[in-house]
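# Structure assessment
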Amino acid sequence: MSNHFSAAMLKFPGDDARLDLTDLFLFASPHTPDKTVLIFDVNPFMTGADFHPDAVYRLNVDNDGDTRADVAFSFVFSESSDGAQTGTVYYSTGSEAREPEPVGEVLIEGMPVGFDAMAEPVDAGECRMFIGVRSDPFFADGEGAFHDFQFTGDDTFAGKNILAMALEVPNEMLGAGPEIAVWATVSVRRDGTLVQVDRYGNPSFNPFFVDELKNKFNAGHPADDVAGFLEPWSKLLESRGYPAGVARETALTVLPDVMHYNRTRPAHYPNGRVLTDDVYDMRMAFLTYGRVTSDGVEPHDDYMTEFPFLGTPNAQAQSEEIAGGQALSA
């Protein structure tokens with residue numbers, strides 16, 4: 001998995017698929033080089049039908065190297081009604097970017113969520129946006145990792161759908177310098193307070209962490225990752241065959257858990273991430289001290305060359321997607 005089923009026991013955060021981050025992508029716009037594309041997805045196998053109306057879905061951007069948000073894009077959604085839902089997107093900077101509530105400039109309000117293949121991006125000033133159902137871009141033999149890395153080459157995620165939030169924004173909105181770090185979070189309102197239940201920086205990372213720390217990790221902040229999680233991650237890698245010193249150095253390549261991106265260099269993970277990056281193969285090598293290098297699965301063939309770049313929704317029945325999600329998380 002990339003970040004699918006990211007709570008303990010490979011379940012959904014808060015037992016709600018709508019709160020489960022699945023992927024994060026970060027790359028230069030191929031058509032407008034002075035703009036950056038940011039995409040994050042939720043809802044593995046579309047097990048939930050819409051975005052959670054009590055959640056705040058957020059992209060956090062650090063542009064000065066202190067692993068604290070200097071820029072944030074916050075997405076909030078209405079209650080669904082007759083199969084329709086709308087979203088509002090906020091843009092905040094400075095101290096406002098670190099507020100748990102959605103604050104700052106409203107980039108767009110009441111944007112319809114696209115629940116079919118006819119949905120189109122919309123312009124909001126100098127930004128482009130898309131919110132809605134798309135084909136899951138992740139590709140991997142998700143079952144093989146739980147069978148001693150014996151892969152069959154079957155793509156667990158082929159033909160499945162997710163809910164996507166995509167932005168194409170001018171570079172200056174992200175900060176003056178070329179280097180940024182990005183991570184996604186999902187918080188949900190409980191008894192009037194926003195509680196963070198999931199986060200995502202590096203792909204195919206969280207699902208393989210030890211279960212007893214996974215929910216604590218999801219609720220945490222990247223700035224605290226080294227102090228809180230370097231030791232258990234190092235021990236996990238040692239159990240997979242790493243010498244102690246090498247395990248620590250390797251864990252520090254993904255802690256703090258943020259996605260780094262230098263905009264002066266081509267985007268390919270671990271410098272940003274494009275849809276065709278085989279991050280699962282990279283993570284298998286990471287987890288096995290280089291013993292396993294491929295699951296035999298290739299990128300999907302439905303990616304688009306235009307924004308939002310994710311393929312149009314697959315037409316399989318909702319019941320099939322639910323069954324698949326339940327089987328994988330069982």
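Here goes a summary of the coordinates provided.

Calculation criteria
- Residues numbered from 1 in each chain as written.
- Predicted model: local features only at pLDDT ≥ 70, side-chain atom pairs only at ≥ 80, totals over all residues.
- Heavy atoms only, no water.
- Core = buried A, V, L, I, M, F, W, Y, C linked by side-chain atoms within 4.5 Å.
- Buried < 20%, exposed > 50% of the residue type's maximum accessible area, 1.4 Å probe, protein only.
- Helix = DSSP H or I, 4+ residues; strand = E, 2+ residues; numbered from the N terminus.
- Contact = heavy atoms within 4.5 Å.
- Arc of directions from axis to C-beta.
- Pairing = 2+ DSSP bridges.
- Axes fitted to C-alpha atoms, helices over the stretch in contact; angles between N-to-C directions.

## What to know about the nonpolar core
- Tyr 57, Phe 73 and Phe 75 are the most contacted members of the largest nonpolar core, which has 61 residues in total.
- Broken down by element, this core gets its largest block of residues, seven residues, from strand β9 (residues 161-170).
- When neighbours within four sequence positions are excluded, Tyr 57 is seen to be in contact with Arg 18, Phe 40, Val 42, Phe 51, His 52, Phe 73, Ser 74, Phe 75, Phe 77, Met 165, Thr 185 and Val 186.
- Phe 45, Ala 140, Leu 230 and Val 254 belong to the second-largest nonpolar core, a separate cluster that totals 33 residues.

## Some points on helix α1 (residues 211-219)
- Within α1, the full set of buried residues consists of Lys 214, Phe 217 and Asn 218. When α1 is viewed along its axis, its buried side chains cluster within an angular range of 95° and face the same direction. Among the exposed residues of α1, those pointing more than 90 degrees away from its buried face are Glu 212 and Lys 216.
- Buried-residue contacts for α1 involve β11 (193-200) and α2 (225-239).

## A few points about the sheet that holds β9
- Read from one edge to the other, the open sheet built from five strands follows the order β1-β2-β9-β8-β7, with strand pairing classed as antiparallel. In this open sheet, the two strands that pair with only one neighbour each are β1 (21-28) and β7 (122-124). On average, each strand axis in the sheet is tilted by 20° relative to the strand beside it, whichever way the strands run.
- Bridge count between strand β8 (residues 127-135) and β9: eight bridges; the pairing is antiparallel. Across the sheet, residue Ser 135 finds its bridge partner in β9, namely Asn 161.

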